[in-house]
Every structure is written in C-alpha cells, then in structure tokens.
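# Summary of the model geometry
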Amino acid sequence: VIITHNNNNNNNTMNNRAGSGTKLFHSATNATSSQISPKIEFNLDSADCNIPPNIASRIGTNLHCKINHPLHTIKKIIQEYWKAQDPGFHDFDDLSPFVSTQYNFDSLLIPTDHVSRSKSDTYYLNKETVLRTHTSAHQSHLLREGHQKFLVSGEVFRRDEIDSSHYPIFHQMEGVKLFSEDLLDGATSQDDRRHIVRSDLQQRLGKMVQVLFGDVEMRWVDAYFPFTEPSLELEIFFQDQWLEVLGCGVIQPKILLEAGRNETGWAFGLGLERLAMILFQIPDIRLFWSDDPRFHEQFVSGEIVNFRPYSRYPPCFKDMSFWISEEFHDNDLNEIVRSVAGDVVEKVELIDQFMHPGTSRQSKCFRIAYRSMDRSLTNEEVDKMQSEVREQVEEKLGVELR
C-alpha cells in the first residue's frame, strides 16, 4: 500500500506530524501478492482526513490472509463450513478498505446523528470516504452486483479505547444469504417469510459455532442493529462464562429494495480476533500484530492450539491530569497515545474525574500503561514517550495540563 501526502496544508494534523515533503507509507505485510489487495494509492491531504501515520502504514496488511496466522485459520474454518453447507457461497477477502460514507452508513440505515459517524469514532480520508468500520459496508454494492450468497472478510478500522481486547484495526467477517421463492415454501406474508429466514439463520449459525467450539450451550439474545429486524446476538457458555460470539438478523427490506432486490434474506457479522482470542487463548490483541517468531512459530494453518506465553515484561504506569474543553473526546487522547507509543501502549484508563464547584470546569485523570510484549522498557524511553504525549495532548486537544 502506498499512501502519499505533502505538507502544503497547514490545517492537516496528519501532515504536521509526518514532517516535510512527500511521505510514502508501505504496508508491513509479508503475504504473497496473491493474498492481498492490489496496490492502493491515495493521498492524505484533505482537511477532513484524520488517518494518522501509524494507521496508514498498516492498511492492507491483511493478517487474515497470512498462512498459519490464527486469524487466517479461523477465517478458513468458517469459509469451509459455509461452502460445505452451500457451494454457492462466494468469498471476498481482498476488497478495498476505503468505502464511501453512503455504503458505510447510509445504505445500512445508520442515522445521520449516530455517534459512529463522528471523527472521534471513524477514520475519514475525506468528507465522503472512510476506512470501513465494518465489513457490512460492502453489503449493498455486492447485492447490486447480483450476488445471492457471500462472505466478506477484511480489516476494519475504528478509533477506540485502548486495552487488551481493543485495537484500531481488527478483522471482521460478514455473511449474507438471500432466499429465492422456492426456498420460502410458498410463504406469502412478510411475517412468514421472515420467520423462515430467521429459522434458517439460527440453525446454520448454531452448527457453525459447534464446528468452532464443540458441543457448547448456546442462547439467543434480542438485540438492535439498524440494518436488521429482528436482530439477535448469539452467546455461548464457554470456560465457565457466557460469551457473545456474533450478531445477526433478517435484513431490513428497505436495504434490499434500495439495492434493487426484492428477496428476503439474512446477514451475520463476527470479529475474527474475538473468536481467535477465545479459541487460541491469546490474552492480548496486540499479539496478532507481533513480528516475534516466538508467537508465529506456535501456529500451523488449520490447527487450533493454545497459545504459550513466552514473556511477561513489567508494565510502567504514567498518570496525567488536565482540564478538558467541551470538544474533548477520550478517543482523541487514545489516538495520540497510539501515534506516539504504537503497540507499546497496553491500556489507557480513566481513573478520576471531577467538576470544579466554582468554575464548573471538568478535570480528568488518565493512567497510561506502557508494556512491550517482546522486551523490557527503560525508564528513559517511557519518560520520552510520556513527555511527547503530554505535549501533543496540550497542543492538539485544547486541554490544560495540571
């Protein structure tokens, strides 16, 4: 992936961070060319762009396409399950991660005032183009192309909290199936048709979960998603606790009609990291991005084995307090910490907040945990990162350090 930008636009914080001149980012992938998307070229000059260098450089890494990687194994098991159920399922795992706001939000009936549209939650290339926040962003255009049954796997991007289970780039799989008239047993009412579709969805997803987890107890929980009705989440009782493993539902008729389809159908979505962390017993989501051979040598394509921890280096904690402005959002702080510390940051946690009784100003105190998974950090390098975080937070977020 080659991403270019220059520094002519002084309003672009991306450019200000990256230094002068044209900047080239190359993805870190070592997958073969047949396993990844074609080269993507674009620039980051738009005033609306909020994609930082640490995210831009990893676009197109496509961990789910790397042989032997745990995410690839989970993806292949699920793909093979659906192909065995119905050879008509088509696999897409190399679609461009850049999509229009129309496909990412509007086509899925996500309200115009929904928080997911904000720049504190989503990476914008420009006003009309985003890094997809879910693989559902491809649903509408694949339906328009005439596809009846398909699976979409790929990287998705969200500005999010920092802890062991959240990362700004992760991987999802979306499944869609539309029903022709001969599969609806002559049902004519909308309720009857939706009942047939829902029953098929629950039955097939239940069998898929058994392939992954074995004979486990399951339960269906009513949920809400703008793009399906009814909407459901599937939970399993695994290792003495209930775990959510996927979301699904019957596709909203309006979505199908706007895609030029008059069938009824279902859709489901799941996170590959979430399943892999459970099945492989991987404790920290950052490990999926590790280049350490002690991680990768443990895995063979198609086999699920328990991860063996190879190191446990001590964390270093740093606290910072500041008065916030009305525009402050926690995710903006997280983005700065990630841009400075990369995968060395383990967690950012709000540990205290209060409102000044006289001035009504609000103060927040965050604790940042720095920990490398590959080596011990020195006090000097942690102090340097923390100092840079403090400088950028004060400069870019309009806060007053305490």
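Residues numbered from 1 in each chain as written. Predicted model: local features only at pLDDT ≥ 70, side-chain atom pairs only at ≥ 80, totals over all residues. Heavy atoms only, no water.

## Looking at the environment of S120
Its place among the elements puts S120 in the loop between α4 (101-104) and β6 (124-126). When the C-alpha atoms of S120 and R159 are compared, they prove to be 6.5 Å apart, with 39 residues separating the residues in sequence. In this structure S120 touches R159, H329, N331 and D332, once residues within four positions along its chain are discounted. (Helix = DSSP H or I, 4+ residues; strand = E, 2+ residues; numbered from the N terminus. Contact = heavy atoms within 4.5 Å.)

## Details of the nonpolar core
Grouped together as the largest cluster of nonpolar side chains are 63 residues, with contacts concentrated most on I51, I78, W82, F213, L246, L270 and F288. Here this core takes seven residues from helix α6 (residues 190-213), the largest share from any one element. (Core = buried A, V, L, I, M, F, W, Y, C linked by side-chain atoms within 4.5 Å. Buried < 20%, exposed > 50% of the residue type's maximum accessible area, 1.4 Å probe, protein only.)

## Focus: the pairing of strand β11 (residues 228-238)
Regular strands have side chains that alternate between both faces of the sheet. With nine of 11 residues buried, β11 is to be regarded as a mostly interior element. Sheet topology places strand β10 (residues 217-225) next to β11; eight bridges connect them, and they run antiparallel. Each bridged residue has a counterpart across the sheet, and for W220 the counterpart in β11 is L234. Between β10 and β11, which pair antiparallel one after the other, the connecting turn spans two residues. Examined bridge by bridge, β11 and strand β12 (residues 241-251) share nine bridges and lie antiparallel to one another. The residue of β12 that forms the bridge with I236 is L243. Between β11 and β12, which pair antiparallel in sequence order, lie two residues; one of them, Q239, sits at a positive phi of approximately 55°. (Pairing = 2+ DSSP bridges.)

## Quick notes on the confidence of the model for the chain
Here the chain averages 88 in pLDDT, and 90% of its residues register 70 or above. At the low end of the mean pLDDT range in the chain sits strand β2 (residues 23-25), at 31; at the high end sits strand β8 (residues 149-157), at 98. Segment residues 1-38: pLDDT under 50, and 94 contacts once partners within four positions in sequence are set aside and those in other chains are kept. (pLDDT = per-residue confidence, 0-100.)

## With respect to the packing of helix α3 (residues 70-85) against α6
Interhelical geometry of α3 versus α6 gives an angle of 135° and a closest axis separation of 10 Å. One element, α3, and the other, α6, form an angle in the oblique class. Where α3 crosses over α6, the two elements pack in a sense that is right-handed. Along its contact with α3, which presents I77, I78, Y81, W82 and Q85, the element α6 presents R204, L205, K207, M208, V211 and L212. Each residue belonging to the contact of α3 with α6 can be placed in one class, and the counts come to eight nonpolar, one polar and two charged. (Axes fitted to C-alpha atoms, helices over the stretch in contact; angles between N-to-C directions. Parallel < 35°, antiparallel > 145°, perpendicular 65-115°, else oblique. Left-handed = near helix turned anticlockwise from the far one by under 90°. Nonpolar A, V, L, I, M, F, W, Y, C, P; charged D, E, K, R; others polar.)

## Some thoughts on the sheet that holds strand β15 (residues 345-355)
Paired through their backbone hydrogen bonds, the strands of a sheet run either parallel or antiparallel. Here four strands make up an open sheet; going across it, the order is β15-β16-β14-β17 and the pairing antiparallel. Of all strands in the sheet, those with a lone pairing partner are β15 and β17 (400-401), marking the two edges. Packed on one face of the sheet, helix α10 (residues 330-341) meets β14 (316-323), β15 and β16 (362-370) and runs near 145° to β15. Strands β14, β16 and β17 of the sheet are contacted by helix α11 (residues 379-397), whose axis makes an angle of about 20° with β14.

## Here we look at the sheet that holds strand β9 (residues 169-179)
Read across the open sheet, the seven strands follow the order β4-β8-β9-β13-β12-β11-β10; overall the sheet is mixed. Where the open sheet ends on each side, the last strands, each with one partner, are β4 (90-92) and β10. Across the sheet, the mean angle separating the axes of adjacent strands is 20° when strand polarity is ignored. As defined by bridge partners, β12 adjoins strand β13 (residues 264-271) across four bridges and the pair is classed as antiparallel. Considered in β13, the bridge of V250 is made with W266. Against the sheet, helix α8 (residues 272-279) contacts β9, β11, β12 and β13, and its axis sits at roughly 55° relative to β13.

## Focus on the environment of G260
As for its position among the elements, G260 is in the loop between α7 (253-258) and β13. By relative accessible area, which is 62% here, G260 ends up exposed. Sequence separation between G260 and R144 is 116 residues; the distance between their C-alpha atoms is 6.2 Å.

## Some words on the side chain of S116
Looking at where S116 falls in the secondary structure, it is placed in the loop between α4 and β6. For S116, a relative accessible area of 18% gives the class buried. Of the polar contacts made by the side chain of S116, one reaches the side chain of H114; its length is 2.9 Å. (Polar contact = N/O pair within 3.5 Å; in protein donor to acceptor, adjacent residues only side chain to side chain.)

## Some words on the pattern of salt bridges
One pass over the full model with this rule turns up 21 salt bridges. Note that K149 and D86 form a salt bridge whose closest N and O atoms lie 2.8 Å from each other. In this pair, K149 sits in strand β8 while D86 sits in the loop between α3 and β4, placing the two residues 63 residues apart along the sequence. For D86, a relative accessible area of 18% translates into the label buried. For K177, the salt bridge goes to D200, with nearest N and O atoms at 3.5 Å. (Salt bridge = Lys/Arg side-chain N within 4 Å of Asp/Glu carboxyl O.)

## A short note on α6
Over its 24 residues, α6 runs 34 Å from end to end, which matches the ideal 34 Å to within 8%, given 1.5 Å per residue. Burial in α6 covers these residues: R193, R194, V197, D200, L201, Q202, L205, G206, M208, V209, L212 and F213. (Expected span 1.5 Å × (residues − 1).)

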